[in-house]
Amino acid sequence: MALTALLVLELSLYAGCFCCGIVTAASITILQGNFGGRCILYGHVNYSANLIGVQSATSPSLCYFISAISVIVAVVCFSLTLYWLYAFCIDGDMSRERIWMSVIIGLCGAFLFFLLITGCMLKIGRDSLCSSVTSTVPNITSCEEAQTKSWSSPLKGERFYNRLLKAETAVWVNFFFWLIIGALAVFHRHRSSASKAGGFAGPAGALFGETHGTAEETEPFVNRHARPQ
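As the structure is a computational prediction, the values presented were derived from the model and not from experiment.

Each value, and the rule that gives it
- Residues numbered from 1 in each chain as written.
- Predicted model: local features only at pLDDT ≥ 70, side-chain atom pairs only at ≥ 80, totals over all residues.
- Heavy atoms only, no water.
- Pairing = 2+ DSSP bridges.
- Helix = DSSP H or I, 4+ residues; strand = E, 2+ residues; numbered from the N terminus.
- Core = buried A, V, L, I, M, F, W, Y, C linked by side-chain atoms within 4.5 Å.
- Buried < 20%, exposed > 50% of the residue type's maximum accessible area, 1.4 Å probe, protein only.
- Contact = heavy atoms within 4.5 Å.
- UniProt positions renumbered as here; feature names shortened; annotations may be inferred.
- Phe/Tyr/Trp six-rings, centres within 6.5 Å; stacked < 30°, edge-to-face > 60°.
- Disulfide = S-S within 2.5 Å.
- Salt bridge = Lys/Arg side-chain N within 4 Å of Asp/Glu carboxyl O.

### As for the pairing of strand β1 (residues 39-48)
Here β1 pairs with strand β2 (residues 51-58) via 6 bridges, running antiparallel. Residue pairing across strands places C39 opposite T58, the latter belonging to β2. Counting the residues that bridge the hairpin from β1 to β2 gives 2 residues, and of these A49 lies at a positive phi of roughly 55 degrees.

### Looking at the nonpolar core
Residues Y14, F35, L41, V133, F160, W178 and I181 are the most contacted members of the largest nonpolar core, which totals 49 residues. Of all the elements in the fold, those that place two or more residues in this core are α1 (2-34), β1, β2, α2 (60-91), α3 (98-136) and α4 (160-197). When residues no more than four places from it in sequence are discounted, the contact partners of F35 are I40, V54, W151, L155, K156, G157 and F160.

### So, the side chain of T81
Tracing the backbone shows T81 in helix α2. In contact with T81, not counting residues within four places along its chain, are L11, Y14 and A15.

### Concerning the UniProt feature "transmembrane region" (unreviewed entry) in the protein chain
The UniProt entry lists residues 64-87, 99-124 and 169-187 under the feature "transmembrane region" (unreviewed entry), expressed in the numbering used here. Helix makes up 100% of residues 64-87 and strand 0%, with an end-to-end C-alpha separation of 34 Å.

### Things to note about the packing of aromatic side chains
For the structure on display, the rule yields 8 aromatic pairs. Ring geometry for F18 and F78: centres 5.5 Å apart, planes at 35 degrees, overall tilted. A residue pair is termed long-range when its members are at least 10 positions apart, and F18 in helix α1 and F78 in helix α2 qualify at 60 residues. On the basis of relative accessible area, F78 is assigned to the partly exposed category, the value being 44%.

### Examining the state of the cysteines
Under the counting rule described, the total for this entry stands at 2 disulfides. The disulfide partner of C130 is C143, and the S-S distance across this bridge is 2.4 Å. Between C130 and C143 the disulfide shows an S-S torsion of about -75 degrees. By sign, it is left-handed. Separated by 13 residues along the polypeptide, C130 in helix α3 and C143 in the loop between α3 and α4 bring together distant segments of the chain. Along the protein chain, the cysteines engaged in disulfide bonds are linked according to the scheme 1-2, 3-4 when indexed in sequence order. Left unpaired, C108 is separated from the closest cysteine sulfur, that of C17, by 8.6 Å. The class for C108 is buried, based on a relative accessible area of 4%.

### Some points on the pattern of salt bridges
The final tally for this structure, using the stated rule, is 2 salt bridges. Here K123 and D127 are joined by a salt bridge, their closest N and O atoms 3.4 Å apart. Separated by 4 residues within a single helix, K123 and D127 lie in helix α3, roughly one turn from each other. K123 gets classed as partly exposed once you look at its relative accessible area, which sits at 35%. Overall, D127 belongs to the partly exposed group, its relative accessible area being 36%. For the salt bridge of R126 with E168, the shortest nitrogen-to-oxygen distance reads 2.7 Å. Of this pair, R126 sits in helix α3 while E168 sits in helix α4, and the two are 42 residues apart along the sequence.

### Re unusual backbone geometry
The residue after S153, namely P154, is reached through a cis peptide bond having omega 5 degrees. Mapped onto the secondary structure, P154 falls in the loop between α3 and α4. Backbone geometry places Y42, a non-glycine residue, at a positive phi of 65 degrees. Tracing the backbone shows Y42 in strand β1. Positive phi, normally seen in glycine, also occurs at N139, with a value near 65 degrees. Of note, N139 is situated in the loop between α3 and α4.

### Observations concerning the environment of M101
Looking at where M101 falls in the secondary structure, it is placed in helix α3. As for M101 and L184, which are separated by 83 residues in sequence, their C-alpha atoms are 9.5 Å apart.

Listed below in structure tokens is the structure:
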């Protein structure tokens, strides 16, 4: 029962990471489309004739990088979810080898690194853009208020702040989920190593290294018959 609960928790985390990756990628992609393909992170705006325009923008590759990282994480999470659902529902096998746990730990390290970079880019880039907006556009005190202002055509800035905030929030939630996944993988690996060191290792690939031998397997060791004279 404990193994099933841990597996369900892990699958739920993978599903959550998948959703977060899709939300981030979709938000950034839609935002780029609304601003003519430009990446407005770290950008500067101008104000003329009661219209807000983009004076300078970052290279589109920055937004492409954020979207690419989010999509890669989502694809990996989707693949892992499908694999474990197949193994659990079709094969009835919840086992994993030590090499598999090492791979998961490696993935966690890589994804945490790139998600941290992505989250910082979104946070700093959004703050830089909002600083330009509040200092340039009159009669507003927050970046969110600029969404109610008119933007020069063909720009569509009605929800630019909400989309940036949604993308950033999804990245940090994704980061937190991968922290938990990494902790679970380390726990599984440590538990398996401790079981083997204690002489209770199960078959290769057992989730925690436990085994439950049958009577036929244990009889030669615990119930030896006396040899006939």
